[in-house]
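Architecture at a glance
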Protein chains: 4
Amino acid sequence: MSLPDPFPAIAKRVNNWGRWGEDDELGTLNLITDEVVREAAATVRTGERVPLALPLRADGVQTGVIPGRVNPLHAMVQINQELFGPGTVATSDDVVTLGLQAATHWDALSHVSHSGRLYNGRPADSITPHGGAAFGGVDKVRHLVSRGVLLDVARAKGVDRLPGDHAVTPEDLDEAAEFGGVTVRAGDVVLVRTGQMRRYLEGDRHAYAFPSPGLSLRTPEWFHAHDVAAVANDTLTFEIFPPEVEGLWLPVHALDLVEMGMPQGQNWNLETLSTACAQRRRYAFLLSATPEPFVGATGTPVAPVAVL
Amino acid sequence: MSLPDPFPAIAKRVNNWGRWGEDDELGTLNLITDEVVREAAATVRTGERVPLALPLRADGVQTGVIPGRVNPLHAMVQINQELFGPGTVATSDDVVTLGLQAATHWDALSHVSHSGRLYNGRPADSITPHGGAAFGGVDKVRHLVSRGVLLDVARAKGVDRLPGDHAVTPEDLDEAAEFGGVTVRAGDVVLVRTGQMRRYLEGDRHAYAFPSPGLSLRTPEWFHAHDVAAVANDTLTFEIFPPEVEGLWLPVHALDLVEMGMPQGQNWNLETLSTACAQRRRYAFLLSATPEPFVGATGTPVAPVAVL
Amino acid sequence: MSLPDPFPAIAKRVNNWGRWGEDDELGTLNLITDEVVREAAATVRTGERVPLALPLRADGVQTGVIPGRVNPLHAMVQINQELFGPGTVATSDDVVTLGLQAATHWDALSHVSHSGRLYNGRPADSITPHGGAAFGGVDKVRHLVSRGVLLDVARAKGVDRLPGDHAVTPEDLDEAAEFGGVTVRAGDVVLVRTGQMRRYLEGDRHAYAFPSPGLSLRTPEWFHAHDVAAVANDTLTFEIFPPEVEGLWLPVHALDLVEMGMPQGQNWNLETLSTACAQRRRYAFLLSATPEPFVGATGTPVAPVAVL
Amino acid sequence: MSLPDPFPAIAKRVNNWGRWGEDDELGTLNLITDEVVREAAATVRTGERVPLALPLRADGVQTGVIPGRVNPLHAMVQINQELFGPGTVATSDDVVTLGLQAATHWDALSHVSHSGRLYNGRPADSITPHGGAAFGGVDKVRHLVSRGVLLDVARAKGVDRLPGDHAVTPEDLDEAAEFGGVTVRAGDVVLVRTGQMRRYLEGDRHAYAFPSPGLSLRTPEWFHAHDVAAVANDTLTFEIFPPEVEGLWLPVHALDLVEMGMPQGQNWNLETLSTACAQRRRYAFLLSATPEPFVGATGTPVAPVAVL
């Protein structure tokens, strides 16, 4: 069983299986070499830090449509508890329950499979209820610090946000790179801004979710050609949704995660970064976005920070 | 009601209430200026990244003794679910429940109160079950990137780990700084290594928990004098436990968090970093350790990374 | 500080504080004597059992409006796990997170306070984050089996469901008792049917939630006069909502739980029971509805069964 | 692949697949007819109610050995929250996370599979992460009220508790029935007391868990011959553990749940019931033990009550 055209042909062109060895679980993150990180650190000019995560809260971006993907539920289990008797120092503790893909997050490579396979040809059934992802779990990514590049597609086009039916194409990415005066290099983490996050920030999570602009199924080849390490954007769906080709659902997920082995970030808030980059006319920065090491997890909340 | 001597006198000397304004919720993190961050980025030499977080798993460091502080419980809510019909692209999703202070974490300023007060004199009862910490929640810290300095007390003393009854003193910190050839500066995040983490890594979480070496109640004055932004170490208790003065429980917590307004990190794995710093003979690096922005939370898991 | 009229006067008339001793935590459940239970068992005629609980599922009755009251989230933590090696007997395990008041549930006496007091005059602040309700927790109710009586107000009025602005009055209860040919006695658990549950069963949880028919603030005196042990109905709000008197919110909750010490049940599905009672022309039965003994909890899911 | 001897031969003798139709998901609970329930109600003599559930709390019976089976974690999400403004009626709400098999519980038929099959020959892979048990979920049991019979094996033998290596045999069950002066009939729910619960009640959950007396693999034939509807006992493991035959793990689970389709109850506290039955010299009673209807769940906490 295979996915509809043009998926198979693109898949063949971007496939990275075996590129970093048959046991590799990191995929394109291998492209973040020590040298890339040294150069990333050298991009820091002002020292300003811009956080890219949405607050983790019960009224987060999830609308309840995706089964099991629950917004964070926070509860106090101790409040000013004087553990050692009356009048002693008091502590407060909290507990949370959350869907790992619910908020600003990384998809681990194991988040998606197709035709029974994960990245590097591993069997999809290596993910089990007890233990989760034995292969490609987010815990395998021990650190994620690199050069970040903002491709501000919306600003390059002079709009606040792209319309809901806009598929971001390779040409759009080139245009945004040129607008930003930046050249995407091997090992970069590319942040693609559509402006769709404004819908959520304005209070309408349903409009944010769907329909959504997002990456075209033509973009994985662009990412592959540029040897990008990872890509994140400011939408719930990452890719254009509903999809471009009838019956071909989530093709970008399958191409990025399964074929290329490239992690995807979703629900990143790029609004402040957009303003900061425009003001400084610099679209490259040090990006720190290390996953929380949940063992066997197929995703993780992340609190990314751009250092300008 | 006040805490036993010598707490009140020390508290007076290290108190930062009002130093950054009466509305301040960041405390010593204010010391991380853009300039500090620029210089932190400039410390990067090799580009090597060393992760400092323990894996988030059900058999984490918690033994069950601290009420409500549960190790992470991970469950899959979808495994290779073909959301759009048979043969389509499949996704996997996870959910977790965890105590925010259970693993490698930051204590938010609101984590501790004494005598009815939080940092900056705010009332302790501003923490509520519904909403958590209205003041000093971990979500107020939007980013935490600075220069990190490893004070490897154990290695400076030529031991694998300090004994369980060793209170790390200001003199120990000076000794470790000298050993590392490093000068602690304003805005630094100081990592204090005791080697206690080895007990957990060797498989004995009970021995790891207690008794534990840790910071002496004399150290807050040292941190205050050096204008340190934050301190983390490789123990469950952070401070020496059982405490140095009978009946004076958790004095370091109260001095750091309440009086100084300085975040504390616990359960950080400094073993690999210790080796890396020793090999390079450099004990300063870029440290990225941004909290997950759980709204109203008094702590957060964190995945810190040192970039050497 | 006191609640608006006519609350204080009614409260005085229905107050049970001290009636069963100053340490009592059971309230009107004390009225369920062994004799009441013997007679309840004697009401069984056919042996038919009618379940009254809604299924516990992620798309339950909660709409997200009540903070923290989450529908059940179910996840598998083991699926056909061959714990003792390949080919051995396999087990499956699940974990859930749920709001204790989210589905078909009992309110414990500690669920509501007013003017700083719980039932029997206990201080409201005896409920703490660590430990929950020290007084009046649902775990104090060790068993709840008694005679159940259905007062089918909707059917007595010849309608499928009462309109959203219908406050069920003492006269309505008398009418329904007469319609059912039943006399409410001391120790009975009274089930009041409004038909509002049909809205949820038809798929509209928002219409189910609000506006909702429910009990009038005049009913607690009726329950008090009849020495009812507990009352449950088929609505989310239990009482008429929005309330009858402007600015007097949740008066029935406060009268029942705080003043009388009478547990309340909500979101009970009385549709099948309504049909069964009508067919048999008998409105009394054995009711078994023991709370799950969550220690310190202010509510609990319950799976009530009527035995006809 | 099949399980070791003597499993296959016993399985053949007790197998109930198809007995109640090929679509049946209730198994031996079909034996609880209206008539059985009428007779069960008629056993009530005194009206005394004896609860059989352990309190649901963080320091429950689970020791952490069984992966994912977590003791209940209770947290308050609202405490005396004045939802409608200062001085209004206040409410408290709670949330829990718990393993459904963690405390006093029922195993659903779907809890166990062997050789790829569930009860009635259904495929084991009908249990999925998203949705849980499509077949044999605990939600399919809408009510569970019947005659309960206590077989007090420990008391019949004149001991407080059976030793850890005692496998309860059919002869033991006969002896206890004779001791209790009771005849087990079709549709009965049989409670087998070993006294092992005393270990937990005395504070040693590890000793409670293992080694444990429990049912012999010879007992399923006894239950089958008596057409018992369900069986519960006062151990963590239900069956003797470690098992009687080397390499044959959990044979009783597989025989009861998969072959016979008979629900099992574990961690039931039978201590008070033991005393009550002995005093009254009556070992039959009305038992109410309806599962919480978690949709797709393979187990459920239950709060059983015996009415004497």
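In case you missed it, the structure is sitting above this.
This is a predicted model, so every value here is computed, not measured.

**With respect to the packing of aromatic side chains**
- All chains considered together, the criterion is met by 32 aromatic pairs over all chains.
- Ring plane angle 45 degrees and centroid distance 6.0 Å describe the contact between A:Phe241 and B:Phe84, whose orientation is recorded as tilted. On the criterion of chain membership, the pair formed by A:Phe241 in the loop between β12 (230-233) and α8 (251-260) and B:Phe84 in the loop between β2 (73-81) and β3 (90-99) is interchain, its members lying in two chains.
- By relative accessible area, which is 15% here, A:Phe241 ends up buried.
- Members of the aromatic cluster, joined through ring pairs, are A:Phe84, B:Phe210, B:Phe241 and B:Trp249.

**Details of the sheet that holds strand β10 (residues 189-193) of chain A**
Residues and elements named next belong to chain A.
- What the nine strands build is an open sheet, ordered β1-β16-β14-β8-β10-β12-β13-β4-β15; its pairing is mixed. Of all the strands in the sheet, just β1 (49-51) and β15 (299-301) have a single pairing partner and so form its edges. Each strand axis lies, on average, 25 degrees off the axis of its neighbour in the sheet, ignoring direction.
- Note: strand β8 (residues 145-152) against β10, five bridges, orientation parallel.

**Digging into the relation of the copies chain A and chain B**
- When chain A is fitted onto chain B, the two copies agree to an RMSD of 0.0 Å after a turn of 180 degrees and an axial shift of 0.0 Å. The transformation just described matches what one would write down for a two-fold rotation axis. Taking the C-alpha atom as reference, chain A places A:Thr97 closest to the rotation axis, 2.1 Å from it.
- By residue overlap, the copies meet face to face through one surface: 99% of the interface positions of chain A are interface positions in chain B.

**A look at the side chain of D:Thr237**
- Relative to the helices and strands, D:Thr237 is located in the loop between β12 (230-233) and α8 (251-260).
- In contact with D:Thr237, not counting residues within four places along its chain, are D:Ala209, D:Ser212, D:Pro213, D:His253 and D:Gln266.

**Some details on the interface of chain D and chain B**
- Facing 11 residues of chain D, the contacting portion of chain B comprises 11 residues.
- Taken together, both faces of the contact between chain D and chain B bury some 890 Å²; the carbon and sulfur share is 68%.
- It is D:Leu73, D:Pro129 and D:His130 in chain D that bury the most area against chain B; as a group they hold 50% of the surface buried on that side.
- For the pair chain D and chain B, the interface holds zero salt bridges.

**What to know about the pattern of salt bridges**
- Scanning the model with the defined rule gives 72 salt bridges over all chains in all.
- Here D:Arg49 ties to C:Asp34 by a salt bridge, and the two come within 2.7 Å at their closest N and O atoms. Here D:Arg49, found in strand β1 (residues 49-51), pairs with C:Asp34, found in helix α2 (residues 34-42), and the two come from separate chains.
- On the basis of relative accessible area, D:Arg49 is assigned to the buried category, the value being 11%.
- We classify C:Asp34 as partly exposed; its relative accessible area is 32%.
- Between D:Asp152 and D:Arg155 there is a salt bridge; the shortest N-O distance is 3.3 Å.
- In the salt-bridge network here, residues are joined through shared partners; they are A:Asp152, A:Arg155, A:Asp160, A:Arg193, A:Arg198 and A:Glu271.

Rules of the game
Numbering of residues starts from 1 in every chain and runs along the sequence as written. Chain letters start at A and ligand numbers start at 1, both assigned in the order the entries are written. Local features in this predicted model are restricted to residues whose pLDDT is 70 or higher, and side-chain atom pairs enter the listing and the counts only when it is 80 or higher, whereas totals over whole chains, interfaces and linings include all residues. Note that the side-chain values use all heavy atoms of the structure and ignore hydrogens as well as water. Any Phe, Tyr or Trp ring, taking Trp's six-membered ring, that has another such ring centre within 6.5 Å forms a pair; planes under 30 degrees apart are called stacked, those over 60 apart edge-to-face, and the others tilted. Working definition: helices are DSSP H or I runs of at least four residues, strands are E runs of at least two. Numbering for both runs from the N terminus. Under the scheme applied here, a residue whose accessible area is under 20% of the maximum for its type counts as buried, over 50% as exposed, and between as partly exposed, the area being computed with a 1.4 Å probe on protein chains only. A pair of strands is considered paired only if DSSP assigns at least 2 bridges between the two. Each axis is a line fitted through C-alpha atoms, and for a helix only the stretch in contact is used; angles between axes span 0 to 180 degrees, taken between their N-to-C directions. Fitting of the copies onto one another was done by least squares over C-alpha atoms, counting residues only where both copies have pLDDT of at least 70. In what follows, residue pairs with any heavy atoms lying within 4.5 Å of each other are defined as contacts. Defined in terms of a 1.4 Å probe, buried area is the accessible area two parts forfeit on being brought together, summed over both. Any Lys or Arg side-chain nitrogen located within 4 Å of an Asp or Glu carboxyl oxygen qualifies as a salt bridge.

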